[in-house]
Amino acid sequence: MNYPIISPSLLSADFNHLGNDIEMLNQSEADWLHLDIMDGVFVPNISFGFPIISHVKKLAKKPLDVHLMIVEPDRYIAQFKKAGADYLTVHYEACKHLHRTVQAIKSEGMKAGVSLNPHTPVAVLEDILGDLDLVLLMSVNPGFGGQKYIENTYKKIAQLKEMAAQYNPDLIIEVDGGVDAGNAQKLVETGANALVAGSFVFGSDNPTETISKLKNLRF
Ligand code: DX5
Ligand code: ZN
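Residues numbered from 1 in each chain as written. Chains lettered and ligands numbered in written order. Predicted model: local features only at pLDDT ≥ 70, side-chain atom pairs only at ≥ 80, totals over all residues. Heavy atoms only, no water.

**Student:** Mind showing me how you'd approach the pairing of strand β2 (residues 33-38) here?
**Tutor:** The side chains of a regular strand alternate between both faces of the sheet. With respect to burial, β2 is a largely interior element, 6 of its 6 residues being buried. Side chains Leu-33, Leu-35 and Ile-37 of β2 all project onto a buried face; the interleaved residues His-34, Asp-36 and Met-38 project onto the opposite face, where all are buried too. Sheet analysis places β2 next to strand β3 (residues 64-69), joined by 6 bridges and oriented parallel. Note that in β3 the partner of Leu-33 across the bridge is Leu-64. Taken together, β2, helix α2 (residues 50-59) and β3 constitute a β-α-β crossover, and its handedness is right-handed. (Buried < 20%, exposed > 50% of the residue type's maximum accessible area, 1.4 Å probe, protein only. Helix = DSSP H or I, 4+ residues; strand = E, 2+ residues; numbered from the N terminus. Pairing = 2+ DSSP bridges. Right-handed = clockwise from strand over helix to strand, strands pointing away.)

**Student:** Is there a simple way to explain the sheet that holds β2 in this structure?
**Tutor:** Two strands in a sheet stick together by hydrogen bonds in their backbones, pointing the same way (parallel) or opposite ways (antiparallel). Read from one edge to the other, the open sheet built from 8 strands follows the order β1-β8-β7-β6-β5-β4-β3-β2, with strand pairing classed as parallel. Two strands bound the open sheet, and with one partner strand each, they are β1 (5-8) and β2. Along the sheet, successive strands turn relative to each other by an average axial angle of 20°, direction set aside. Sheet topology note: the β1/strand β8 (residues 194-197) ladder contains 4 bridges and is parallel. Each residue of the ladder has a partner; that of Ser-7, found in β8, is Val-196. On the sheet, α2 packs against β2 and β3 and is oriented at approximately 175° with respect to β2. (Axes fitted to C-alpha atoms, helices over the stretch in contact; angles between N-to-C directions. Contact = heavy atoms within 4.5 Å.)

Structure representation (structure tokens):
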């Protein structure tokens, strides 16, 4: 994989013409499609569910990076696989038995990710890091697109990179929230190897070009 992985978030896409945006992503330098699933309980917002994911899967030529902001994700792991998830990321704060959840995701044949809210220290992942394919660091409070990047995330990326060197050198360190031209380069230099971007991509005049800028870190 050619880093950084770029995963545009469909939360900011045009849902009246979603097919057009997916086709744009197919033709672009985007590596994955990021899908934000919100239940109105874990986060104060509701997004979309299985029917939309299945429709995206039919058109997308790239892996689906599904970010669950829901309580009790274990109940739905098989359904997310069926809908087309390739990477399935759950929140540390939403799982009582995280090890069991991660094994269940992998036994369905998906790559397993764990996400941390801005207030959760990366150290809590020490004993599970070796089992993970991906850690998603939230650089805003989850629930909404278009929020301001939280600066403390750099410190967490650096700490996680150090932990990964010891426990899981292949770990994908993904950052989600407020990623734009002003921080992408520094995020990658600090150790992020996957960037999620919603409003920066879909709010720009030329999303294809914005994705290319992120991929090549040329602004
Ligand atoms: C927020 C979501 C993000 C969101 C990012 O809860 O997890 O994926 O779409 O949007 P931007 O890039 O606009 O901050
Ligand atoms: Zn997300």
